[in-house]
Amino acid sequence: VQLQASGGGLVQAGGSLRLSCAASGGTFSRYNMGWFRQAPGKEREFVSAIMWSGGRTYYGDSVKGRFTISRDNTKNTVYLQMNSLKSEDTAVYYCAAANILRIELSLARVYDYWGQGTQVTVSS
């Protein structure tokens, strides 16, 4: 499975961005999907995840109430809508795919495939 993340950019604090992650080379609906981020000098952090059907979603504490994950299995794409952005949201954002049987989706080690990352910079 190949993952291509896009939609990052520079935005002012309080603004919004929508990230997209397009998958190819596999059956998208057989994967649970996640978003992680990594800021310079920091460890990779769980942001959000969504089950294969879209029926369940998960969020890291730092983004709850501000970010929304969704997916469109007909377009092989997962999205991350980011609202009320803060300077501390600045990071490279990665999408990842995990086998449908994996359920501990906040753990980076359960993901089998990773995208290349897209930079999000929030100016204060």
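Structure first, text after, so check above.
Presented here is an overview of the structure given in this document. (Residues numbered from 1 in each chain as written. Predicted model: local features only at pLDDT ≥ 70, side-chain atom pairs only at ≥ 80, totals over all residues. Heavy atoms only, no water.)

**Regarding the overall build of the chain**
Thought 1: What the chain contains, in helices and strands, is zero helices and 11 strands.
Thought 2: From first element to last, N terminus to C terminus, the chain shows the α and β order β-β-β-β-β-β-β-β-β-β-β.
Thought 3: For the chain, whose C-alpha radius of gyration is 13 Å, the value lies close to the compact-globule estimate of 14 Å for 124 residues.
Thought 4: Dimensions along the principal axes, computed over C-alpha positions, put the chain at roughly 40 × 25 × 25 Å.
Thought 5: Counting all 124 residues of the chain, 43% fall into the buried class.
Thought 6: Accessible surface, the chain: about 6400 Å² in total, of which carbon and sulfur atoms supply 46%. (Helix = DSSP H or I, 4+ residues; strand = E, 2+ residues; numbered from the N terminus. Rg over C-alpha atoms; globule rule 2.2 N^0.38 Å. Buried < 20%, exposed > 50% of the residue type's maximum accessible area, 1.4 Å probe, protein only. Areas by Shrake-Rupley, 256 points an atom, 1.4 Å probe, with all protein chains shown as cover.)

**So, the side chain of arginine 66**
Thought 1: Mapped onto the secondary structure, arginine 66 falls in the loop between strand 6 (57-59) and strand 7 (67-72).
Thought 2: Assessed through its relative accessible area of 10%, arginine 66 is described here as buried.
Thought 3: Here aspartate 89 takes part through its side chain, which lies 2.7 Å from a polar atom of the side chain of arginine 66.
Thought 4: Not counting chain neighbours up to four residues away, the residues in contact with arginine 66 comprise Gln81, Met82, Asn83, Ser84, Leu85, Lys86 and Asp89. (Polar contact = N/O pair within 3.5 Å; in protein donor to acceptor, adjacent residues only side chain to side chain. Contact = heavy atoms within 4.5 Å.)

**Observations regarding the nonpolar core**
Thought 1: Membership of the largest hydrophobic core comes to 28 residues, with the highest contact counts inside it found for Met33, Trp35, Leu80, Met82 and Tyr93.
Thought 2: Breaking this core down by element, the ones donating at least two residues are strand 1 (2-6), strand 3 (17-24), strand 4 (31-38), strand 5 (45-50), strand 7, strand 8 (77-82), strand 9 (91-99) and strand 11 (118-123).
Thought 3: When neighbours within four sequence positions are excluded, tyrosine 93 is seen to be in contact with Leu19, Trp35, Phe36, Arg37, Val47, Phe67, Leu80, Met82, Gly117, Thr118 and Val120.
Thought 4: Membership of the second largest hydrophobic core comes to nine residues, among which are Ala49, Met51, Ala98 and Tyr111. (Core = buried A, V, L, I, M, F, W, Y, C linked by side-chain atoms within 4.5 Å.)

**Points about unusual backbone geometry**
Thought 1: Unlike most non-glycine residues, asparagine 76 shows phi in positive territory, near 55 degrees.
Thought 2: Among the structural elements, asparagine 76 can be located in the loop between strand 7 and strand 8.
Thought 3: Backbone geometry places serine 84, a non-glycine residue, at a positive phi of 50 degrees.
Thought 4: Position of serine 84 among the secondary structure elements: in the loop between strand 8 and strand 9.
Thought 5: With relative accessibility at 40%, the residue serine 84 sits in the partly exposed group.

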